[in-house]
Amino acid sequence: MASKTKYNMVKEKITEWIISGQVRPGEKIYSENELVKMFGVSRHTIRQAVGDLVHEGLLYREQGAGTFCSYKKEQTNEQTPSLIHTSNTNGKNIGVITTYISDYIFPSIIKGIESHLTAQGYTLTLACTDNDVEKEKQCLQTMLSRNIDGLIVEPTKSSQYNPNIHYYLELEQNKIPYLMINQYYSQLMPPHMIMNDEQGGFIATEHLIKLGHEKIIGLFKNDDLQGVNRMQGFIRAFREHSLPFFPEMVISFTTEDQNNNLLERLENFFRTNTVPTAIVCYNDQLALNVLDLVRRLGISVPEDISIVGFDDSSLAVATEVKLTSVNHPKMKMGTEAAKWIVSAVENKDDRPPSIVYEPKLVIRNSTAPFVKVQS
């Protein structure tokens, strides 16, 4: 429990700096090494606390530059979404809407998009939805009002019916090409660039099964199709290897649950007789939170339990336990999405095909063979 107290102390102190104005919007916060010395805690505790504040929107990361203070929440709580606009003399403007901008794998995707678009002389207008359909509506309205020539968009809560479909139909009627990345709305079946998430869930789970694990828990987000498909792959691995299913082997959650009771639900699992020997996580961000939880419970990784992440993000190697993780093309996807949209804008009658990326497993030291304890 002591590590939890230290983690809270760090998070609360940095939050206090932000709210009090001690660190102003746009200012860089102390480096990781400085924070470790300042608070006398581990590097892992600092990374977890800062990662949470990034996810909550109080901080943002710039690759290669550091971590900076964001605007206070009340400053961004306007009807119109905040936009990042890169101006150019070309006059052609591409809109980019993602669920998040400054966190996790999104800086790499956006960097890939931006590098190609700017090289081609295009203007880039960037917005994010925070995986909220009302914010997506605001983003789409703003993009349409700016007379964009094309749109790259990551759908919001893609496993549910989306009330903003008519905006995409309006784009089609106005002959404005759009491309969906990471997932797409099945009601539209638009051009897309996605991962084969079902296969990703399968290879992550099969890796553990081949290591001798049978009691494997899957943690999957169910308001995005990525999570639903990864869950399907997880279940397929059990079926193909004829492994018995057990109660609550799948714990599903929504965007809103992720920061609330998900880890409590998982912690309760360790108080039952069906203690898992391995966990497949929806993504690396969740895997790090799980890693922190099992440490607090005195459980070692990978000696006592194996953990697999997804996306092979920078977080996968952020602690001394390096995560086995399913890769995501990130910057490559961004670059190819930008090439697709430029081609579609300049050759309106000849749209390039959609792309489905096949996953590969990057094996590190968070997974190990299951060793049965002799009674």
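Worth saying up front: this structure is predicted, and the values here are computed from it rather than measured. (Residues numbered from 1 in each chain as written. Predicted model: local features only at pLDDT ≥ 70, side-chain atom pairs only at ≥ 80, totals over all residues. Heavy atoms only, no water.)

1. As for the overall build of the protein chain
Put simply, the rule reads: Put simply, DSSP H or I for four residues or longer makes a helix, DSSP E for two residues or longer makes a strand, and each gets a number counted from the N terminus. Contacts are assigned to residue pairs with any non-hydrogen atoms lying within 4.5 Å of each other. All accessible-area figures derive from a Shrake-Rupley calculation using a 1.4 Å probe, and residue coverage is judged against the displayed protein chains alone.
For the protein chain, the helix and strand inventory stands at 12 helices and 15 strands. When contacts within the protein chain are restricted to residue pairs at least 6 apart in sequence, long-range pairs at least 24 apart make up 74% of them. When the accessible area of the protein chain is evaluated, it comes to approximately 17200 Å², of which 48% is carbon and sulfur surface.

2. Comments concerning the side chain of Thr205
Its place among the elements puts Thr205 in helix α8 (residues 197–210). Once residues lying within four places of it in the same chain are set aside, the contact partners of Thr205 are Ile216, Phe234, Ala237, Phe238 and Val280.

3. Remarks on the nonpolar core
To keep things clear, this is the line we draw: What makes a nonpolar core is a set of buried Ala, Val, Leu, Ile, Met, Phe, Trp, Tyr and Cys residues whose side-chain atoms join them at distances within 4.5 Å. Each residue gets one of three labels from its accessible area relative to the maximum for its type: buried under 20%, exposed over 50%, partly exposed in between, using a 1.4 Å probe on protein chains only.
If you look at the biggest cluster of nonpolar residues, it comprises 75 residues, and the most contacted ones within it are Leu117, Leu219, Leu266, Ile279, Val290 and Ile307. The leading source of residues in this core is helix α12 (residues 331–346), at eight residues. With residues up to four places along the chain from it excluded, the contact list for Leu266 reads Ile217, Leu219, Ile251, Ile279, Val290 and Leu293. One finds Leu144, Leu151, Tyr184 and Ile194 within the second-largest nonpolar core, a separate group that totals 20 residues.

4. A closer look at unusual backbone geometry
A cis amide bond links Val301 to the next residue, Pro302, at an omega of 5°. Assignment of secondary structure puts Pro302 in the loop between α11 (284–296) and β12 (306–311). If you check the backbone angles, Asn147 has positive phi at about 55° while not being a glycine. Here Asn147 shows up in the loop between α6 (133–145) and β6 (150–153). You will see that Met189, though not glycine, has its phi angle at about 45°, which is positive. Structurally, the position occupied by Met189 is in the loop between β7 (178–181) and β8 (192–195).

5. What to know about the environment of Met193
Note that Met193 resides in strand β8. Between the C-alpha atoms of Met193 and Glu154, which are 39 residues apart in sequence, the distance is 9.8 Å.

6. Details of the packing of aromatic side chains
Here is the rule: Side-chain rings of Phe, Tyr and Trp, where Trp is taken by its six-membered ring, are said to pair if the distance between their centres is within 6.5 Å; with planes under 30 degrees apart they count as stacked, over 60 as edge-to-face, and otherwise as tilted. Placement of a positive charge over a ring is assigned whenever Lys NZ or Arg CZ falls within 6 Å of the ring centre and within 35 degrees of the normal to the ring plane.
The tally for this structure, following the rule as stated, stands at nine aromatic pairs. Through pairs of rings, three or more aromatic residues link up here, namely Phe220, Phe234, Phe238 and Phe245. Sitting above the plane of the Tyr282 ring, Arg230 keeps its charged end 5.1 Å from the centroid. The ring of Phe310 carries Arg230 above its face, with NZ or CZ at 3.7 Å from the centroid.

7. Examining the pattern of salt bridges
Using the following cut-off: For salt bridges, the criterion is a side-chain nitrogen of Lys or Arg within 4 Å of an Asp or Glu carboxyl oxygen.
Taken as a whole and assessed by the stated rule, the structure comprises 14 salt bridges. The partner of Lys135 in a salt bridge is Asp130, and the shortest N-O contact between them spans 2.8 Å. The exposure class of Lys135 is partly exposed, given its relative accessible area of 34%. A salt bridge links Lys157 to Glu256, with the shortest nitrogen-to-oxygen separation between them at 2.8 Å. Taken together, the positions of Lys157 in the loop between β6 and α7 (165–173) and Glu256 in the loop between β10 (250–253) and α10 (262–269) put the pair 99 residues apart, joining distant regions of the chain.

8. Things to note about the packing of helix α5 (residues 106–119) against α12
Cut-off, in case you're wondering: Every axis corresponds to a line fitted to the C-alpha atoms, with the helix fit spanning only the stretch in contact, and the corresponding angles, defined between N-to-C directions, vary from 0 to 180 degrees. Roughly parallel refers to an angle under 35 degrees, roughly antiparallel to one over 145, roughly perpendicular to one between 65 and 115, and oblique to any angle outside these ranges. By convention, the crossing between two helices is left-handed when the near helix turns anticlockwise from the far helix through less than a right angle, and right-handed when the turn is clockwise. Put simply, Ala, Val, Leu, Ile, Met, Phe, Trp, Tyr, Cys and Pro go in the nonpolar bin, Asp, Glu, Lys and Arg in the charged bin, and everything else, Gly too, in the polar bin.
Direction vectors running N to C along α5 and α12 enclose 40°, while the axes themselves pass 6 Å from each other. In terms of orientation, α5 and α12 fall into the oblique class. Helix-helix and strand crossings are classified by hand; for α5 and α12 the assignment is right-handed. Seen from α5, the contacting residues are Ser108, Ile109, Lys111, Gly112, Ile113, Ser115, His116 and Leu117; seen from α12, they are Met331, Gly334, Thr335, Ala338, Lys339, Ile341 and Val342. Its residues assigned to classes, the contact of α5 with α12 shows seven nonpolar, six polar and two charged.

9. Some words on a positive patch on the surface
This is how the line gets drawn: Put simply, a patch holds well-exposed residues, over 30% relative accessible area, that have no salt bridge, with like charges counted together within 9 Å and Val, Leu, Ile, Met, Phe, Trp or Tyr side chains within 5 Å. When charges are tallied, Lys and Arg are placed among the positive residues and Asp and Glu among the negative ones, while His and the ends of the chain are skipped. Each charge is placed at NZ for Lys, CZ for Arg, CG for Asp and CD for Glu.
Residues Lys92, Lys175, Lys348 and Arg351 make up a contiguous surface patch of positive charge. With respect to the helices and strands, Lys348 occurs in the loop between α12 and β14 (355–357).

10. Some details on the sheet that holds β12
Pairing between sheet strands relies on hydrogen bonds along the backbone, with the strands arranged either parallel or antiparallel. Which entries qualify depends on this criterion: Note on pairing: two strands pair once DSSP finds at least 2 bridges between them.
The strand order β10-β9-β11-β12-β13-β15 describes an open sheet built from six strands, whose pairing is mixed. The open sheet has two free edges, formed respectively by β10 and β15 (361–362), since each of these has just one partner strand. Summarising the sheet, β12 and strand β13 (residues 324–327) pair through four bridges and their orientation is parallel. Across the sheet, residue Val308 finds its bridge partner in β13, namely Thr324. Strands β9 (216–221), β10 and β11 (278–281) of the sheet are contacted by α10, whose axis makes an angle of about 165° with β10.

11. With respect to the confidence of the model for the protein chain
Interpreting fine coordinate detail is not advised for predicted regions of low pLDDT. The cut-off we apply is this: As a per-residue quantity, pLDDT reports the predictor's confidence and falls between 0 and 100.
When pLDDT is averaged along the protein chain, the result is 87; 90% of the residues meet or exceed 70. Note that residues 71–80 has pLDDT below 50 and, in this model, 11 contacts with residues that lie over four places away or in other chains.

12. Details of the packing of α10 against α11
Between α10 and α11, the least distance of the axes is 11 Å, while the angle of their chain directions is 45°. As far as their axial angle goes, α11 and α10 are oblique. Relative to α11, α10 is oriented so that their crossing is right-handed. Counted together, Leu262, Leu263, Leu266 and Glu267 of α10 and Leu286, Asn289, Val290, Leu293 and Arg296 of α11 form the full contact between these two elements. Of the residues that constitute the contact of α10 with α11, the class distribution is six nonpolar, one polar and two charged.

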